[in-house]
Amino acid sequence: MRLSRYFLPVLKETPSEAQIVSHRLMLRAGMIRQEAAGIYAWLPLGFRVLKKIEQIVREEQNRAGAIELLMPTLQLADLWRESGRYDDYGQEMLRITDRHERELLYGPTNEEMITEIFRAYVRSYKDLPKNLYHIQWKFRDEQRPRFGVMRGREFLMKDAYSFDIDEAAGRHSYNQMFVAYLRTFARMGLKAIPMRAETGPIGGDLSHEFIVLAETGESAVFCDKRVLDLPIPGDETNYDADLSEVVTQWSTLYACTEDVHDPARYEAETKPEDRLETRGIEVGQVFFFGDKYSKPMKAVVAGPDGAERPAQMGSYGVGVSRLLGAIIEASHDDKGIIWPEEVAPFGVAILSLKAGDPAVDAACETAYAALTKAGKEPLYDDTDERAGGKFATADLIGLPWQLIVGPKGIANGEVELKNRRSGERQTLPLDAALKALGA
Ligand code: ATP
Ligand code: MG
């Protein structure tokens, strides 16, 4: 992409309404625009990151055996009356009436709808297990939308729903999602720690929240810091095998949010030098809740003995749009964002220090063509802004690499390559720089 043709409305001033660094940086880097409280337009740069995060989530869901579909954002109120949640959900639910006076709602989650879909088609244990997911906008009329995309009212969520014949199989589905989440967040460069959690309005008795540690997080957390060094399951993970060992390994060391924190147990189970008390951001949550929805909604399947029983269910959410904020909270400096490679909106910034100079233009064009061809997604700053402004923008938007092309260097056939994270700069021939970037 050539910056002169792109839409990147960066802000020079720090927006005063933003209280935390990720919100400030997303506004300054021209990633989002607030359209109403907790409702954002995703500008091109933000949209690219959102899509990358979504794709990692999708790949890891698919790898774990979940199947993607897409349910609508609007749902019938009657469906929620079947589970009893229509009244329980309260003011967080956005209720809508259509021209025929039919009551609808903008879905805050999809347990009811997926249960309705399941019961319409599945009758036998032979069709199980099934885990169905979608990546869809949700609406929750949060009392205090804040911190930008971290606590929006409209937000993008991945939600998966598992159906099994009995509790043991249901727990295996839970373990599959637990392991998939460890991999998903690690691929985004995050350390997300599973912590025992309360089940809240979703219900059930088994749940973990995946928490990214950050001082600006909304919940206080208490954990044994050795949990930070546990190994992430690799590409070779066999999701059909018993995964309980991995889950046990990751859920044994003490790790709790304030809601379920037990000071006496904390003291008994951790050594003083291992204690870590900080704050965290919830980026995902997994639940196993058995027949909480399948029973009232009569989603029953026949077992091998021919007898019908309610399906055993779990649900598994990831805050796709919240993840942008969480990643920035975990990875930035005073100059701007530092994107982990896997989610960076572009792979490398090509900074022309003298647009219009024939030798500089030619070198930039060569680099742009080669990097594009190699799939490195370059963003070529071909504008006539002064060098200082270009450096500031490149640091602000946080692409992993900057390829700096100036007239003096090019006279010697050389360019500069800067790593955004380490700040390290090296001067080298253009060819060598392109090779270092994988082109
Ligand atoms: P929270 O405790 O932060 O309000 P929740 O527990 O109500 O979240 P879940 O029902 O577990 O949320 O939803 C799954 C995921 O969706 C959460 O782990 C979180 O990452 C994300 N999420 C929930 N509410 C919001 C929101 N208002 N804005 C952005 N993301 C959200
Ligand atoms: Mg939650």
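Above this text you will find the structure in question.
Quantities reported herein were computed from a predicted structural model and do not represent experimental measurements.

Quick notes on the rules
- Counting from 1, residues in each chain are numbered in the order their sequence is written.
- Here every chain gets a letter starting at A, and every ligand a number starting at 1, in the order they are written.
- In keeping with the model being predicted, local features are shown solely for residues with a pLDDT of at least 70 and side-chain atom pairs are shown and tallied solely at 80 or more, while totals for entire chains, interfaces and linings include all residues.
- Excluded from the side-chain calculation are hydrogens and water; included are all heavy atoms of the structure.
- Secondary structure follows DSSP: runs of H or I at least 4 residues long count as helices, runs of E at least 2 residues long count as strands, and numbering of each begins at the N terminus.
- Values of the radius of gyration come from C-alpha atoms, whereas the globule rule sets the reference at 2.2 Å times the count of residues to the power 0.38.
- Here the term buried applies to any residue with accessible area under 20% of the maximum for its type, exposed to any over 50%, and partly exposed to those in between, with areas from a 1.4 Å probe on protein chains only.
- By definition in these notes, contact holds between two residues if any of their heavy atoms fall within 4.5 Å.
- Here the accessible surface of atoms and residues is derived via Shrake-Rupley with a 1.4 Å probe, and residues count as covered only by protein chains that are part of the display.
- Note that His is not counted, nor are the chain ends; the positive residues are Lys and Arg, and the negative ones are Asp and Glu.
- A single reference atom marks each charge: NZ on Lys, CZ on Arg, CG on Asp, CD on Glu.
- Nearness is judged by heavy atoms alone; a residue qualifies as near a molecule or strand once a single heavy atom is within 4 Å of it.
- Within 3.5 Å is the distance limit for a polar contact, defined as a pair of N or O atoms, with the added protein rule that one can donate a hydrogen and the other accept it, and that residues adjacent in sequence qualify only through two side-chain atoms.
- Note on pairing: two strands pair once DSSP finds at least 2 bridges between them.
- Every axis in this analysis is a line fitted to C-alpha atoms, fitted for helices over the stretch in contact. Angles between the N-to-C directions lie between 0 and 180 degrees.
- Here a salt bridge means any side-chain nitrogen of Lys or Arg lying within 4 Å of a carboxyl oxygen belonging to Asp or Glu.
- Disulfide: a pair of cysteine sulfur atoms within 2.5 Å of each other.

The next point concerns the overall build of the protein. Within the protein one finds 13 helices and 23 strands. Against the compact-globule benchmark of 22 Å for 439 residues, the protein has a radius of gyration of 24 Å, which places it among compact chains. Among the 439 residues that make up the protein, the fraction classed as buried is 53%. Across the protein, the fraction of contacts at a sequence separation of at least 24, relative to all contacts at a separation of at least 6, is 72%. Taken as a whole, the protein presents about 19,500 Å² of accessible surface, with 49% of it coming from carbon and sulfur. Taking the 55 positively charged and 68 negatively charged side chains of the protein as two groups, their mean positions are separated by 3 Å.

Quick look at the site of ligand 1 now. In the neighbourhood of ligand 1, 14 residues make up the surrounding shell, with Arg140, Glu142, Arg151, Gly152 and Glu282 lying closest. In the model, an oxygen atom of ligand 1 is placed 3.0 Å from a nitrogen or oxygen of the Arg140 side chain. One nitrogen or oxygen atom from the side chain of Glu142 is found 2.8 Å from a nitrogen atom belonging to ligand 1. With the chains in place, 84% of the 580 Å² that ligand 1 exposes on its own is no longer accessible.

Here we come to the sheet that holds strand 6 (residues 103–106). Ordered in space as 4-6-5, the 3 strands form an open sheet in which the pairing is antiparallel. With one partner strand each, in any of the chains shown, strand 4 (74–76) and strand 5 (94–97) form the two edges of the open sheet. Shown here is a sheet whose adjacent strand axes are inclined to one another by a mean of 40°, direction ignored. Alignment of strand 5 against strand 6, held across 4 bridges, turns out to be antiparallel. Residue Arg95 lies in a different strand from strand 6, and its bridge partner there is Leu105.

Between side chains of opposite charge, a pair can form when the charged atoms approach closely. Enumeration over the complete set of coordinates arrives at 33 salt bridges. A salt bridge links Glu103 to Arg81; its shortest N-O distance comes to 3.0 Å. Here Glu103 is found in strand 6, whereas its partner Arg81 is found in helix 3 (residues 77–83), with 22 residues between them in sequence. Accessibility expressed as a relative area gives 38% for Arg81, which makes it partly exposed.

Turning next to the state of the cysteines. The final tally for this structure, using the stated rule, is 0 disulfides. Of all cysteine sulfurs, the one in Cys223 lies closest to Cys256, which takes part in no disulfide; the gap is 9.4 Å.

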